[in-house]
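# Coordinates in review
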Amino acid sequence: MSMTTPARLTAAERREQLLQVALTVFAQRGYHTTSMNDIADAAGVTKPVLYQHFDSKRALYIAVLDAVGSNMIHAITSATKSVPTGKAQTAAGMVAYFEWLSSDPNAFTLLFGGGTRRDEEFAIVARNVEKAVAELIAPLIEAGVDADYQRMVAHALIGMSEGVARHLIQRHEPFDAHIVGEQLASLAWAGLRAVGRKPE
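Owing to the predicted nature of the structure, the values given are computational and were not obtained by experimental measurement. (Residues numbered from 1 in each chain as written. Predicted model: local features only at pLDDT ≥ 70, side-chain atom pairs only at ≥ 80, totals over all residues. Heavy atoms only, no water.)

Next up on the list: the pattern of salt bridges. Within this structure, the stated rule accounts for 8 salt bridges. Salt-bridge contacts for D38 lead to R29; the nearest nitrogen and oxygen are separated by 3.2 Å. On the accessibility criterion, R29 (46% relative accessible area) is partly exposed. Note that R117 is salt-bridged to E130, the shortest N-O span being 3.1 Å. Linking R117 in helix α7 (residues 114-117) with E130 in helix α8 (residues 120-137), this pair joins segments that are 13 residues apart in sequence. Take R117: its relative accessible area is 32%, and that puts it in the partly exposed class. One continuous salt-bridge network, built from bridges that share partners, spans R58, D119 and E121. (Salt bridge = Lys/Arg side-chain N within 4 Å of Asp/Glu carboxyl O. Buried < 20%, exposed > 50% of the residue type's maximum accessible area, 1.4 Å probe, protein only. Helix = DSSP H or I, 4+ residues; strand = E, 2+ residues; numbered from the N terminus.)

Structure follows, in structure tokens:
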């Protein structure tokens, strides 16, 4: 009987595996109560292997935050880049965001959770992700207003989406990302149509 040895992971593949494992462990246990040994054990590697890719637990956590943010931004960008109208882009972006949430709630917990926000270095990473998403959303706000107003409204939409995401996670129940995204997009678009109008 022949036996085959599993193919070794490339350095890039191993790094990606470690990031995915670290994401789960950090989200479940929190940064301060998680050790590098915990992550190495969960990944099925030795601690020296983990340190070959990340100099410290802090460096690993920041790398996880960066990866999570990049994945979210990529999901939204991919969903909206070929959509022709602002309204359709708003809906596509919202649906993509909630599909990202549904596929990996641990990613949302890590990026937007209190543990990340209480550490200034980690909080900077999270704020940079929010800023990047706001820059994606701002051009959709075509209401004859200046760029500062566009960005302010974009951050308001991000806050609204984050609030709904927290509600969905706290319920611990499955949800239809398409329905939630479409519903929130309808609310957002109704508000966007009123941007720039003077109060009566």
